[in-house]
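# Results of the structural survey
Spelled out, the chains give:
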Amino acid sequence: MDGLVGSRDFSDGLWLGFQGENLDATVDLGEARRIAGIGLDCLQNQGPWIFFPATVEFWVSEDGERCAPGRSRSRFGPKRSGTCAWWRRA
């Protein structure tokens, strides 16, 4: 989670891939802040078995301890190969 954006080429070294285990990532802003949006870039390339995630959930917390559901999505773009950027305004 370095802010770099991968291309349509999964071997460009900019993508992270996960299989079998869920990714659980925490982004700590250091203090309570108002944010304009939250997003995720995904890649699907069916030939080498790279698929969009089944579900993505964003949770938010003001104190770093109690979390509440923010946004979620279970369907991503077309079923064909390509990239999908998902951004939501807060």
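Remember, it's a predicted structure, so these values are computed and weren't measured experimentally. (Residues numbered from 1 in each chain as written. Predicted model: local features only at pLDDT ≥ 70, side-chain atom pairs only at ≥ 80, totals over all residues. Heavy atoms only, no water.)

Time to look at the overall build of the protein. The helix and strand tally for the protein stands at 0 helices and 4 strands. Starting at the N terminus and ending at the C terminus, the protein contains elements arranged as β-β-β-β. Within the span of the protein, comprising 90 residues, buried residues form 12% of the whole. Long-range pairs, those at least 24 residues apart, make up 51% of the contacts in the protein between residues at least 6 apart in sequence. When the accessible surface of the protein is summed, it comes to about 7800 Å², and 49% of that surface belongs to carbon and sulfur atoms. (Helix = DSSP H or I, 4+ residues; strand = E, 2+ residues; numbered from the N terminus. Buried < 20%, exposed > 50% of the residue type's maximum accessible area, 1.4 Å probe, protein only. Contact = heavy atoms within 4.5 Å. Areas by Shrake-Rupley, 256 points an atom, 1.4 Å probe, with all protein chains shown as cover.)

Relative to the helices and strands, glutamine 44 resides in strand β1 (residues 37-44). A distance of 3.1 Å separates the side chain of glutamine 44 from the backbone nitrogen of phenylalanine 52, its partner in a polar contact. (Polar contact = N/O pair within 3.5 Å; in protein donor to acceptor, adjacent residues only side chain to side chain.)

Further remarks concern the confidence of the model for the protein. The predicted model of the protein averages 77 in pLDDT, with 80% of residues at 70 or higher. A low-confidence stretch, residues 86-90 stays under pLDDT 50, and its non-local contacts, those more than four residues away or across chains, total 24 contacts. (pLDDT = per-residue confidence, 0-100.)

A few words now on the pattern of salt bridges. For the coordinates displayed, the defined rule picks out 1 salt bridge. For aspartate 63, the salt bridge is made with arginine 66, and the minimal N-O distance between the two is 2.8 Å. Here aspartate 63 falls in the partly exposed class, since its relative accessible area comes to 39%. (Salt bridge = Lys/Arg side-chain N within 4 Å of Asp/Glu carboxyl O.)

As a further point, take unusual backbone geometry. Positive phi values are uncommon outside glycine, yet tryptophan 49 reaches one of about 65°. Structurally, tryptophan 49 is set in the loop between β1 and β2 (56-60).

What follows concerns the packing of aromatic side chains. Taken as a whole and assessed by the stated rule, the structure comprises 1 aromatic pair. Centroid distance tryptophan 49 to phenylalanine 51: 5.8 Å. Interplanar angle 80°. Geometry classified as edge-to-face. Exposure remark for tryptophan 49: the relative accessible area of 69% places this residue in the exposed category. (Phe/Tyr/Trp six-rings, centres within 6.5 Å; stacked < 30°, edge-to-face > 60°.)

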